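These are the residues of each chain, in order.
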Amino acid sequence: MFEWTNWWGTVAAVTLALVANLVLALITWTVNHTAGKRTPWLRDIIVRVSLRAHLFVLIIGVWTAAGFTAPGGYSWWPTVSRIFLIVTVLVGAWFVSGLASFGFGRMIARYSSDQDTVPEIRRMRTQLKLVRRLVNALIAVLAIGIVLFSFPEVRAVGTSVLASAGILSLVAGLAAQSTLGNLVAGVQLVFSNAIRVGDVVVVEGEFGTIGEITLSYVVVYVWDERRLILPCTYFTSQPFEIWTRNSSDIIGTVFLDVDWRVPLAELRS
């Protein structure tokens, strides 16, 4: 009877994990080259997250194979196991982030950029882009939190922090006032429909177009190819002009210095 608890068992278990991952890769390749031709979204998601999925499955397979065989009985295994845990959490977060980005990308694609002259289309695209950033940031924060709390020392510190949460929250709030203010302002800008990507605005005496709205700043594409970067709080605390609030049509003014005898009717024509 084969003995799994020795190093030969470890080699066999790891080999099985590698073979299983190879089979998964072959299945993914087959699906991509058959159903992917008829279903473009399936091909896109495979291209986007297949590497992340294979790496995630491979790490879990090797971790499990080593834990139930010879390495699991050594004193150094808990340290190695924790390293596997950290890598699994980080790669898993990378995989989930890829799925989330793909999903939001599909939703954003429904609102074609060719229709950016429609205010409602620009509003939806702006909101979806910001929500995608928020979700990816939340995934990263959760992954880092899980990694940190996998250490008993950090859990002990976390308990102490929770015990004195009142004072620490006050200190943290004062220290991060500007950052949190910009974060809240960015969400407020998008969901209050104050500005949208593609809006034509005049800020700080500069005429330009809203090019990007992030969680902390807004990028204005100035007409002469310059980029004006302003904190999100600027648009919630300072007045600014917006020319495309309800329509993409822009009214311009043309001044002509002419002789007083010029026939105005013909000039207007």
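Described in the following lines is the structure provided in the data block. Note that the coordinates shown come from a computational prediction; the quantities given were computed from them, not determined experimentally.

1. Digging into the sheet that holds strand E3 (residues 217-222)
Part 1 of the reasoning: Strands sit in the order E4-E3-E2-E1-E5 across an open sheet of 5 strands; the sheet is antiparallel. Strands at the two margins of the open sheet, each flanked by one partner only, are strand E4 (227-231) and strand E5 (241-242).

2. Comments concerning the packing of helix H2 (residues 40-67) against helix H3 (residues 77-110)
Part 1 of the reasoning: Axis separation between H2 and H3 bottoms out at 10 Å; the angle between their running directions is 165°. Compared by their axis directions, H2 and H3 come out roughly antiparallel. Judged by the sense of rotation from one axis to the other, the crossing of H2 with H3 is left-handed.
Part 2 of the reasoning: Taken together, the residues that form the contact of H2 with H3 break down as 21 nonpolar, 7 polar and 4 charged.

3. Some remarks on the pattern of salt bridges
Part 1 of the reasoning: Tallied over the full model, the rule gives 4 salt bridges.
Part 2 of the reasoning: As a salt-bridge pair, Arg 226 and Glu 206 come within 2.9 Å of each other at their nearest N and O atoms. Remark: Glu 206 occurs in strand E2 (residues 206-213) and Arg 226 occurs in the loop between E3 and E4; sequence separation between them is 20 residues.
Part 3 of the reasoning: With relative accessibility at 40%, the residue Arg 226 sits in the partly exposed group.
Part 4 of the reasoning: Each member of the salt-bridge network shares a partner with another, and the members are Glu 206, Asp 224 and Arg 226.

Rules used in this analysis
Residues numbered from 1 in each chain as written. Predicted model: local features only at pLDDT ≥ 70, side-chain atom pairs only at ≥ 80, totals over all residues. Heavy atoms only, no water. Pairing = 2+ DSSP bridges. Helix = DSSP H or I, 4+ residues; strand = E, 2+ residues; numbered from the N terminus. Axes fitted to C-alpha atoms, helices over the stretch in contact; angles between N-to-C directions. Parallel < 35°, antiparallel > 145°, perpendicular 65-115°, else oblique. Left-handed = near helix turned anticlockwise from the far one by under 90°. Nonpolar A, V, L, I, M, F, W, Y, C, P; charged D, E, K, R; others polar. Salt bridge = Lys/Arg side-chain N within 4 Å of Asp/Glu carboxyl O. Buried < 20%, exposed > 50% of the residue type's maximum accessible area, 1.4 Å probe, protein only.

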